[in-house]
Amino acid sequence: MTLDIRPLGPAIGAVVGGIDLTTPLRDEDRDSLLTALLQHHVLFFENQPVTPVQQRDLASAFGELHIHPVYPQHPDAKEIILLDTDDNNPPDNDNWHTDVTFIDRPPMGALLSARQLPPSGGDTLWASCIAAYEALSEPLRKFLDPLHAEHSFVQSFPAWRYARTPAERKIWEAAVAKNPDISHPVVRTHPVSGKRGLFVNEGFTSRIVELGKQESDAILAYLRLHVARPEFTVRWRWKQYDLAFWDNRLTQHYATVDYLPHRRVMHRATILGDVPF
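Note that the structure is a prediction, hence the values are computed from the model and not measured.

Colleague: Even after reading the chapter, I still don't get helix H1 (residues 27–40), so can you show me in this structure?
Modeller: Owing to its 3.6 residues per turn, the α-helix brings residues three or four apart onto one side. Taking 1.5 Å per residue as the helical rise, H1 with its 14 residues ought to reach 20 Å, and the 20 Å between its terminal C-alpha atoms agrees with that figure. Taken together, the buried positions of H1 are Asp-29, Leu-33, Ala-36, Leu-37 and His-40. The buried residues of H1 occupy an angular sector of 105 degrees when the element is viewed end-on, so they sit on one face. What points out from H1, more than 90 degrees from its buried face, is the exposed set Thr-35 and Gln-39. Its buried side turned inward, H1 meets strand E1 (4–7), strand E2 (14–17), strand E3 (42–45) and strand E14 (243–247).

Colleague: I'm lost on the sheet that holds strand E13 (residues 233–236) in this one. Help?
Modeller: Consider a sheet: its strands pair through backbone hydrogen bonds, and that pairing is either parallel or antiparallel. An order of E13-E7-E15 is seen for the 3 strands of this open sheet, with the pairing classed as antiparallel. Both outer strands of the open sheet, E13 and strand E15 (251–255), are each paired with one neighbouring strand and no more. Averaged over all neighbouring strand pairs, the angle between strand axes comes to 20 degrees, with direction disregarded. Pairing of strand E7 (residues 124–128) with E15, which is carried by 5 bridges, proceeds in the antiparallel orientation. Directly across from Trp-126, in E15, lies its bridge partner His-253.

Cut-offs applied
Residues numbered from 1 in each chain as written. Predicted model: local features only at pLDDT ≥ 70, side-chain atom pairs only at ≥ 80, totals over all residues. Heavy atoms only, no water. Helix = DSSP H or I, 4+ residues; strand = E, 2+ residues; numbered from the N terminus. Expected span 1.5 Å × (residues − 1). Buried < 20%, exposed > 50% of the residue type's maximum accessible area, 1.4 Å probe, protein only. Arc of directions from axis to C-beta. Contact = heavy atoms within 4.5 Å. Pairing = 2+ DSSP bridges. Axes fitted to C-alpha atoms, helices over the stretch in contact; angles between N-to-C directions.

In C-alpha cells form, the structure reads like this:
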C-alpha cells in the first residue's frame, strides 16, 4: 500500500489517500503516517467510516489513550469523547487551543471523526506553532525561550458550565482535585523532530509564571493573535466520515461555531504524550 500525500500549504496540513483506516493498521503504515505527521502536523483522511471501537484501536497504535475527566464518553468505547453540540449544548472549543495541556503529559496527538454535520459551517482550523515561533524576531524568541506558563483545567471547564447539577458537580470537583494548575515551557521542543514552537494557548494558559500580571496578559494576548495569522493555518471543511489526525504537541486548533441551531457530532480519541521540555 502506497500513501498518497497531498500538502495543503507550506506551513501545515496534508490530505492522505491510499489507506483504509477501518482495517487494522500495519506497522509500516503507522510509521509512514508518523513521518507524514511530523512534516505536515495535521493529516486529513476522507471517507473513513470508522466505528468508535475501530477509532479507539487505530489511536491505540500510536500510544496510550487519555480518558477525559468531564466530556461524555461513547458507550462502545470509553476512550472516545462525544462532542455533540447544538443550540441546547453549545460548543466550548471556539478558541485557539491545544488539547489537554492541563496535565503533566499533554497529548501527542488526537484523531477526530466527523459523524453528523450541519448543512453548512462547522469547519475546524489548525495552526502550526512551529511556523509561528520561527516567524518571531530573534530578540522575542530569546525572551520567550526560558519562560514557563501555567495551564489551568478550570479556565476551559468552569463550574458554571460543567457543574450545573449535583451529579455534574461531583464529577467536576473530582476533575479539579485531580488536575491542579501545572507549569509548562512557553516554548517547547518537539521530542521527535527537535523543532521549537510556542506552547501557550487561549484555552488553557492562564499566565506566564516569571512575569507580573500586566506583562503576562500583554505577551499572551500578542502570542494568541500571532499564532492565528492565516499563513500559519489550514482550514478543513468537514464531510461525513472525514477523519483528522493531528500532532497536538506543537499545533493549536479552533472549531468554528457558525452552524447553530443545527447539530454537529464528532468523535475524538486522544493519545497521551510526554512531559514538555
